[in-house]
Amino acid sequence: MSFAVKICGLSTRETLEVALDAGADMVGFVFFEASPRHVGLGTARELGRLVKGRALKAALTVDADDASLENFIEALQPGLLQLHGSESVARVRDIKQKFGLPVMKVLSVATAADLAELPGYAAVADRILFDARAPKDATRPGGLGVPFDWRLLENIKLAIPFMVGGGLNAGNVAEAVRVTHANGVDVSSGVESAPGIKDPDMIRAFIRAAREAERAVTSSRIASSV
Ligand SMILES: O=C(O)c1ccccc1N[C@@H]1O[C@H](COP(=O)(O)O)[C@@H](O)[C@H]1O
């Protein structure tokens, strides 16, 4: 499984170009009005066109209904739907069938008990993203810049790829990959100077650090197999 670096919450042409030039594999666009990274349909359409096959476009949605999903998909033309709400296993299956797009289900993690639902989701989703569980009074279920205890994923074995997110930045991404053996990493706050304001240098530094982490994990796998 190849390793994917995802920069999420992009909302300007400039920072999208920086992420693409720096080699992001996935770029995420947030369709959630309470988020400082929310993009309207017009912006999503404009930014989506700029990607031109240089990365996979992810539409981040939170418990969206079918009509909203239809609008987001029509505007962005995503290659992946990121379901970041409390969508049930049945709803994930239903969305996949209705819209015919690969789906990444987000599992919010605070304790080992949060992994109980993993087998059900792994059976229907194409990819899993483990993110930190947001506090009960949070205004959004993610994008809060807070990590979880990555050791909870130490022994995870999945037949589908999984990413880790939540509070990642250029300084801690290597450790997150080393501990979890994730097939990818996802960042939003960790490449921002303020909520919703992406920083070009932080985006470049994050992608560089994630690539180094990928190389380190690959070399250690090769070393332990000989
Ligand atoms: O970014 C948001 O505002 C957001 C809103 C609603 C759901 C998820 C959101 N972001 C996602 O959360 C994770 C972790 O973000 P961070 O790096 O801790 O800021 C990431 O996958 C974002 O895509």
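Nothing here was measured: the structure is a model prediction, and the numbers come from that model. (Residues numbered from 1 in each chain as written. Predicted model: local features only at pLDDT ≥ 70, side-chain atom pairs only at ≥ 80, totals over all residues. Heavy atoms only, no water.)

Moving on, we get to the side chain of Gln82. By the secondary structure assignment, Gln82 is in strand S4 (residues 80-83). Assessed through its relative accessible area of 1%, Gln82 is described here as buried. Side-chain polar atoms of Gln82 contact the side chain of His84, separated by 3.0 Å. (Helix = DSSP H or I, 4+ residues; strand = E, 2+ residues; numbered from the N terminus. Buried < 20%, exposed > 50% of the residue type's maximum accessible area, 1.4 Å probe, protein only. Polar contact = N/O pair within 3.5 Å; in protein donor to acceptor, adjacent residues only side chain to side chain.)

Here the UniProt feature "domain: N-(5'phosphoribosyl) anthranilate isomerase (PRAI)" (unreviewed entry) sits at residues 5-208. Here residues 5-208 runs as 32% helix and 22% strand, with 10 Å between its end C-alpha atoms. (UniProt positions renumbered as here; feature names shortened; annotations may be inferred.)

Before going further, it helps to examine unusual backbone geometry. Glycine aside, the phi torsion of most residues is negative, and most peptide linkages are trans. Backbone geometry places Lys52, a non-glycine residue, at a positive phi of 45°. Residue placement: Lys52 occurs in the loop between helix H2 (41-51) and strand S3 (56-61). A positive phi angle, close to 55°, is found at His181, a residue other than glycine. Relative to the helices and strands, His181 is located in the loop between helix H6 (173-180) and strand S8 (184-187). Its relative accessible area of 39% is what places His181 among the partly exposed residues.

What follows deals with the sheet that holds strand S5 (residues 103-109). Within the closed barrel, the eight strands sit side by side as S1-S2-S3-S4-S5-S6-S7-S8. Their pairing is parallel. Ignoring strand direction, the axes of neighbouring strands in this sheet form an average angle of 25°. Against the sheet, helix H3 (residues 66-76) contacts strand S2 (26-31), S3 and S4, and its axis sits at roughly 155° relative to S3. (Pairing = 2+ DSSP bridges. Axes fitted to C-alpha atoms, helices over the stretch in contact; angles between N-to-C directions. Contact = heavy atoms within 4.5 Å.)

Take the pairing of S5 next. Along S5, six of the seven residues are buried, which leaves the element largely enclosed by surrounding structure. Where S4 meets S5, three bridges bridge the pair, whose relative direction is parallel. Across the sheet, the residue bridging to Gln82 is Met104, located in S5. Read from S4 through helix H4 (residues 89-99) to S5, the crossover connection turns out right-handed. In the sheet, S5 pairs with strand S6 (residues 127-132) via six bridges, with the strands oriented parallel. When the bridges of S6 are listed, Val106 appears paired with Leu129. (Right-handed = clockwise from strand over helix to strand, strands pointing away.)

Under the counting rule described, the total for this entry stands at two aromatic pairs. Arranged with centres 5.6 Å apart and planes meeting at 80°, the rings of Phe130 and Phe162 form a pair that is edge-to-face. Of the two residues, Phe130 is situated in strand S6 and Phe162 in strand S7 (residues 162-165); the sequence distance between them amounts to 32 residues. Accessibility expressed as a relative area gives 0% for Phe130, which makes it buried. If you follow Lys105 out to its NZ or CZ, it ends over the ring of Tyr121, 5.4 Å from the centre. (Phe/Tyr/Trp six-rings, centres within 6.5 Å; stacked < 30°, edge-to-face > 60°. Lys NZ or Arg CZ within 6 Å of the ring centre and 35° of its normal.)

With that settled, the discussion passes to the site of the ligand. By nearness alone, 23 residues border the ligand, and Cys8, Ser35, Gly143, Asp186 and Ser189 come closest of all. For the ligand, an oxygen atom lies 2.6 Å from a polar atom in the side chain of Ser35. At a separation of 2.5 Å, an oxygen atom of the ligand approaches a polar side-chain atom of Asp186. If you list the elements that add at least two residues to the shell around the ligand, you get S6 and S8. Its residues assigned to classes, the shell around the ligand shows eight nonpolar, 10 polar and five charged. (Near = heavy atom within 4 Å. Nonpolar A, V, L, I, M, F, W, Y, C, P; charged D, E, K, R; others polar.)

A few words on H6. Think of an α-helix as 3.6 residues a turn; residues three or four steps apart then line up on the same face. The complete set of buried residues in H6 reads Val173, Ala176, Val177, Val179 and Thr180. Along the axis of H6, the buried residues cluster in a sector spanning 170°; they form a single face. Backbone geometry just downstream of H6 places His181 in the positive-phi region, at approximately 55°. (Arc of directions from axis to C-beta.)

A word on H4. All buried positions along H4 are accounted for by Arg91, Val92, Ile95 and Phe99. End-on, the buried residues of H4 take up no more than an arc of 105°, which puts them together on one face. On its buried face, H4 is in contact with H3, S4, S5 and helix H5 (118-124). One or two residues past the end of H4 sits Gly100, with phi positive at roughly 60°.

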